[in-house]
Amino acid sequence: MLDKVIVSTTTCYKEPEGKDKVRFNLACDLVVTARNHGHMVVVVDGSPAPAVKEKLDGLGAWVFRQNERSMGSSLRQAWKEAHNAAVFAGNIKAILWTEP
């Protein structure tokens, strides 16, 4: 049996179908790849467009709205949400943070 891992990241796309499309697609690919390998994915998202959360949710990520506006705050929140998910799941061996 594989050890369970949580992959966490932060996202913020103002134009997911425009100038941010490449970055948004990379985030979607990250979620799909991690989920295909059996990992949980936690995303803290600061995007103004609700479509970003809906898409990442639909791909299997646990998406949380960013609480405070700054990169440092979003990173701290990502670790906190991943830790909470690990406690909920109960069998997590590692938490990984990455950029999509």
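Residues numbered from 1 in each chain as written. Predicted model: local features only at pLDDT ≥ 70, side-chain atom pairs only at ≥ 80, totals over all residues. Heavy atoms only, no water.

Looking now at the packing of helix 1 (residues 21–36) against helix 2 (residues 50–58). For any two helices packed against each other, one specifies the inter-axial angle together with the distance between the axes. Where helix 1 meets helix 2, the axes come as close as 9 Å, and the angle between the chain directions of the two elements is 25 degrees. When the axis of helix 1 is compared with that of helix 2, the two are roughly parallel. Here helix 1 runs over helix 2; the crossing is right-handed. Contacts from Phe24, Ala27, Cys28 and Val31 of helix 1 reach helix 2 at Val52, Lys55 and Leu56. Of the residues contributing to the contact of helix 1 with helix 2, the split by class is six nonpolar, no polar and one charged. (Axes fitted to C-alpha atoms, helices over the stretch in contact; angles between N-to-C directions. Helix = DSSP H or I, 4+ residues; strand = E, 2+ residues; numbered from the N terminus. Parallel < 35°, antiparallel > 145°, perpendicular 65-115°, else oblique. Left-handed = near helix turned anticlockwise from the far one by under 90°. Contact = heavy atoms within 4.5 Å. Nonpolar A, V, L, I, M, F, W, Y, C, P; charged D, E, K, R; others polar.)

This part covers the environment of Ala61. Mapped onto the elements, Ala61 comes out in the loop between helix 2 and strand 3 (62–65). Judged by its relative accessible area of 6%, Ala61 falls in the buried class. C-alpha of Ala61 to C-alpha of Met40: the two residues are 21 residues apart in sequence and 7.0 Å apart in space. Setting aside residues no more than four positions away along its own chain, Ala61 makes contact with Val31, Val41, Val43 and Leu56. (Buried < 20%, exposed > 50% of the residue type's maximum accessible area, 1.4 Å probe, protein only.)

The terminal C-alpha atoms of helix 3 (residues 71–89) lie 27 Å apart, and with 19 residues this matches the ideal 27 Å at 1.5 Å per residue to within 8%. Turning to helix 3, its buried residues are Ser73, Ser74, Gln77, Ala78, Glu81, Ala82, Ala85 and Ala86. Buried residues along helix 3 sit in contact with strand 1 (4–11), strand 2 (40–45), strand 3 and strand 4 (92–97). Among the residues trailing helix 3, Gly90 stands out with phi positive, at a value near 80 degrees. (Expected span 1.5 Å × (residues − 1).)

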